[in-house]
Amino acid sequence: MQPLDPLAVPLEGVRLLEASAGTGKTWTIAALYLRLLLERGLEVPEILVVTFTQAATEELRERIRGRVRDALAVAEGRKGDDEFAAALLARAGPSEDPRQRLVDALARMDELAVFTIHGFCQRVLQENAFESGALFDAEVGADERDLRREVMEDFWRRRLYGASAPEAARLLEEWKDPGSLLRQVGGLVGPEPVELLPVVDPPAAERARAAAHAAARREWAAGREAVRGVLESGVLNRTSYKPEKVARVLAAAEAEFGATAAVAQARFGAGVEPVDGEFGPGMPALDAPEGGEAELFQLLTPERISRATKTGHPVSEHPFFAACAAWLGAEAEAVRARRVALLREAAGYLAHTLEARKSERRVLFFDDLLLHLDRALAGPAGGALVERLRRQYPAALIDEFQDTDAVQYRIFRAIYADAPASALFLIGDPKQAIYGFRGADVFTYLRAGRDVDPRAGRFTLTHNWRSSSPFVQAVNTLFARVERPFLFADIPFHPAVAAGKGDRAPLEVQGPDGFRAPAALSLWFLEREEPAPGKKPGKPRTLGKPGTLGKGVAQERAAAACAEAIAGWLELGEAGRARLEGRALEAADLAVLVRTRYEAEAVRRALARVGVASVHYSRESVYASEEAGELALLLSALAAPEDAGLMRAALATRLLGRGAEEIAVLAADEEAWEATGERFRAWAADGQAHGLMAMLQRVLEESGAAGRILAAPGGEGGTEDEQLRPESEEELVRTGTRSEDGRVGR
């Protein structure tokens, strides 16, 4: 792999560009776009750019438009600080007119071919309906979860309602409802076929189960007294084989293996032979033993008997113990075989019925767009479709390639892999593919790396333009210590080169020697708990002093340490002793990245305890928030101001802030209650006349809600309603600013 020179990388063939965070990926895409315009002579609609979100398409459109505009300014002598554009324009031949090409390109910016992957597939299918065999007038939906749920409910009814009582009991024991079954089989039905392992033969497993049970019954009938003697002899460890437990084990064995032939035949089928010495009606189970009962039967296996035999005594080798272990194994295998078979049956029904219903209803979802184009490219008319797409888009730049799955890569490879005159640039960060975000498949990225020429096809962006030099050096040091920090040999760590842009206005803290930048990267270690006086220390979980630290305690301590550090930074900023970009450090400059919403809540609580408000950016829907529930109560009351119950509920919300006693007094005063109703009706009329936002603004102002909510812990997030959706699995806590009384606002 070699460093990328955007002026020198070939503009044909397949090229894989690895771009870590902050290395100028979007700038590089726009630069390559400019070269394709000027050096390859391609027109604006001939350069395909694909990314993975609608927001990213808008950003790329703006960046490409700006890049072309800046290059035109350089060509016309109006801009002189764009070294890349100047170098590119200087390479133009005497007969070329790059300025005119840029003018023409700017005039055609509305024809930019920048799409999401699904938007690209939909466009191709619609424009090539005959070659692709796609439904021309199909409606495209974003989410097929409702349809999947409908299909699985149908399967559940078909499978459960016609089942025997034992079979239905087993089904309900494993999956309580269609939703739980769908959660397990849903991942098996998607763009790429998934094979469910292991391959099982339920009838064979049931026969083996019955045979193992019969063998255990025979050994029990012949040797129950000998087994009793072993368990009651006193040679077994009394921790596991206490007398009362031994009595329960023997009773369970008699109930399971002392069954009559008729009972066993009812359970396992007519092929079960009677066993000499049988007596008693027995209580056969319908399934493998579970919970405590399963643990009781484990005490009858050779492994447990051997482990519990006291030193100096021979280990019993009675054949019943081996037969019992074989039966437990056969029981577990039969249950697993039934479970796998039903999952495979449910997955098959889901896949087949989904396809049929989509066709009947003439609807496609995002994954269907990928599948249909993939099939079309591999189908009988695929060759003609490939040639048409190569003519239409001689060059393609695939942004965020680390989020690509096997189907998406197969589509682009089918179009461009065997086309030397075409250009395909795959731009992404393989390190991010490891986490599988947005359906990414790290093995697809690794395959793409193997598919390109290792010397001329793989490049890396080396300079980090975002972070400070000390931070880049710290990260390099951290990851360079490990031979394979990302596990895969095909994803090596490439030390970044600090471009210095992040050094222009660093964070500085005043110390004895004046203002200096603090450490760029610090690692904190929590001290483990020491045992209480007189208490035996627990087994250490890591090297060092005895003692352990529970997860919950560790989380709270980490959050508290984080909050105290933030409060300390803010105090330094208020005192003029911490500055960023030449000004005092502010709370809005600080953020905390956590993995889960539970950790985010822990940080928010800790920040509130030290008087720092915060805003939580989360993947959770805003409609699931407490604020949304209270707003719904208010809107319900405004929609029906004559409903006294709804008005009471709205008054009790944090938005209107009335307590129970205050509401009771208000309701008892007919004149005051009527005045309150008039205010609700006035708010509702305002909403009808001027819209929802104007009405809510009036409610906030007249009720004093803004100040009341801001004064509460986490209030800033409540007023701004900032539960957003970041493009990562992590969650973010942003801090607010502190006021004189310790409360915080912006």
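Residues numbered from 1 in each chain as written. Predicted model: local features only at pLDDT ≥ 70, side-chain atom pairs only at ≥ 80, totals over all residues. Heavy atoms only, no water.

Draft legend 1. Structural context of the environment of R648. Relative to the helices and strands, R648 resides in helix α25 (residues 644–651). R648 sits 14 residues away from L634 along the chain, and the two C-alpha atoms are 9.7 Å apart. Among all residues touching R648, those that are not within four sequence positions of it are I663, A667 and W673. (Helix = DSSP H or I, 4+ residues; strand = E, 2+ residues; numbered from the N terminus. Contact = heavy atoms within 4.5 Å.)

Draft legend 2. Molecular detail of the side chain of T116. Mapped onto the secondary structure, T116 falls in strand β4 (residues 113–116). With near-sequence residues (within four places) excluded, T116 lies in contact with V50, T51, T53, Q54 and T57.

Draft legend 3. Helix α4 (residues 98–107), seen in detail. What α4 keeps buried is the set P98, L102 and A105. With its buried residues spanning 60° around the axis, α4 presents them on a single face. Turning to α4, the residues buried within the fold contact α1 (25–38), α2 (54–75) and α3 (83–90). (Buried < 20%, exposed > 50% of the residue type's maximum accessible area, 1.4 Å probe, protein only. Arc of directions from axis to C-beta.)

Draft legend 4. Broad picture of helix α9 (residues 178–185). Burial in α9 covers these residues: P178, S180, L181, L182 and V185. The elements touched by buried residues of α9 are α7 (145–161) and α15 (319–361). The residue sitting at the N-terminus of α9 and contributing the capping side-chain oxygen is D177; that oxygen lies 3.1 Å from the backbone nitrogen of G179. (Polar contact = N/O pair within 3.5 Å; in protein donor to acceptor, adjacent residues only side chain to side chain.)

Draft legend 5. Looking closely at the packing of aromatic side chains. Evaluation of the coordinates by the stated rule reveals 17 aromatic pairs. Ring geometry for F120 and Y393: centres 6.1 Å apart, planes at 65°, overall edge-to-face. Of the two residues, F120 is situated in helix α5 (residues 117–127) and Y393 in the loop between α17 (382–392) and β7 (395–398); the sequence distance between them amounts to 273 residues. A centroid spacing of 6.0 Å and a plane angle of 75° characterise the contact between F257 and F297, whose relative ring orientation is edge-to-face. Separated by 40 residues along the polypeptide, F257 in helix α11 (residues 243–257) and F297 in helix α13 (residues 291–298) bring together distant segments of the chain. F297 sits in the buried class, given a relative accessible area of 1%. Over the aromatic face of F515 sits the side chain of R579, whose NZ or CZ is 3.7 Å from the ring centroid. (Phe/Tyr/Trp six-rings, centres within 6.5 Å; stacked < 30°, edge-to-face > 60°. Lys NZ or Arg CZ within 6 Å of the ring centre and 35° of its normal.)

Draft legend 6. Here's a closer look at the confidence of the model for the protein. In this model, the protein carries a mean pLDDT of 84, and residues with pLDDT of at least 70 account for 85%. The low-confidence segment residues 537–545 (pLDDT under 50) makes 17 contacts with residues lying over four places distant or belonging to another chain. Contacts from residues 737–746, a stretch scored under 50 in pLDDT, to residues over four places away or in other chains number 33 contacts. (pLDDT = per-residue confidence, 0-100.)

Draft legend 7. Examining the packing of helix α22 (residues 551–574) against helix α23 (residues 597–609) more closely. In the contact formed by α22 and α23, the axes pass within 8 Å of each other and the chain directions differ by 45°. As summarised for this structure, α22 and α23 are arranged oblique, according to the angle between their axes. The crossing of α22 and α23 is right-handed. In this structure, α22 contributes Q555, E556, A559, A560, A563 and I566 to the contact, and α23 contributes Y598, E599, A602, V603, R605, A606, L607 and R609. (Axes fitted to C-alpha atoms, helices over the stretch in contact; angles between N-to-C directions. Parallel < 35°, antiparallel > 145°, perpendicular 65-115°, else oblique. Left-handed = near helix turned anticlockwise from the far one by under 90°.)

Draft legend 8. Structural context of the sheet that holds strand β1 (residues 2–3). On the basis of which strands lie adjacent, the open sheet formed by seven strands has the order β1-β9-β2-β8-β7-β3-β4 and parallel pairing. If you trace the sheet from one side to the other, it starts and ends with β1 and β4, each paired once. Both strand β2 (residues 13–18) and strand β8 (residues 423–428) contribute to a ladder of six bridges, which runs parallel. When the sheet's bridge partners are listed, V14 is paired in β8 with L424. Each of β2, β8 and β9 (458–460) is contacted by helix α20 (residues 442–451), which is oriented at about 130° to β2, the strand it contacts most. (Pairing = 2+ DSSP bridges.)

Draft legend 9. The arrangement of the side chain of R390 in detail. In this structure, R390 sits in helix α17. Excluding its chain neighbours within four sequence positions, the residues that come into contact with R390 are A414, I415, D418, A419 and S422.

Draft legend 10. Quick look at the nonpolar core. Counting residues in each nonpolar core, the largest one holds 40 residues, and the members touching the most others are L17, Y33, L34, L102, L397 and F425. Breaking this core down by element, the ones donating at least two residues are α1, β3 (47–51), α2, α3, α4, β7 and β8. A total of eight residues in this core trace back to one element, the largest contributor, which is α1. Non-local contacts of L34, meaning those with residues more than four positions away in its chain, are made with R67, V68, A71, F84, L88 and L102. (Core = buried A, V, L, I, M, F, W, Y, C linked by side-chain atoms within 4.5 Å.)

Draft legend 11. View of the environment of R466. By the secondary structure assignment, R466 is in the loop between β10 (463–464) and α21 (469–480). Along the sequence, R466 and A21 sit 445 residues apart, while their C-alpha atoms lie 8.3 Å from each other. Sequence-distant contacts of R466, that is, excluding residues within four places in its chain, are made with A21, G22 and G502.

Draft legend 12. Structural view of the pattern of salt bridges. Applying the stated criterion across every chain yields a total of 52 salt bridges. For the salt bridge of R339 with E174, the shortest nitrogen-to-oxygen distance reads 2.8 Å. A residue pair is termed long-range when its members are at least 10 positions apart, and R339 in helix α15 and E174 in helix α8 (residues 165–174) qualify at 165 residues. The closest approach of N and O atoms between R224 and E254, which form a salt bridge, is 3.1 Å. Of the two residues, R224 is situated in helix α10 (residues 202–232) and E254 in helix α11; the sequence distance between them amounts to 30 residues. Shared partners join several salt bridges into a network, and the residues in it are E150, D154, R157, R357 and R361. (Salt bridge = Lys/Arg side-chain N within 4 Å of Asp/Glu carboxyl O.)

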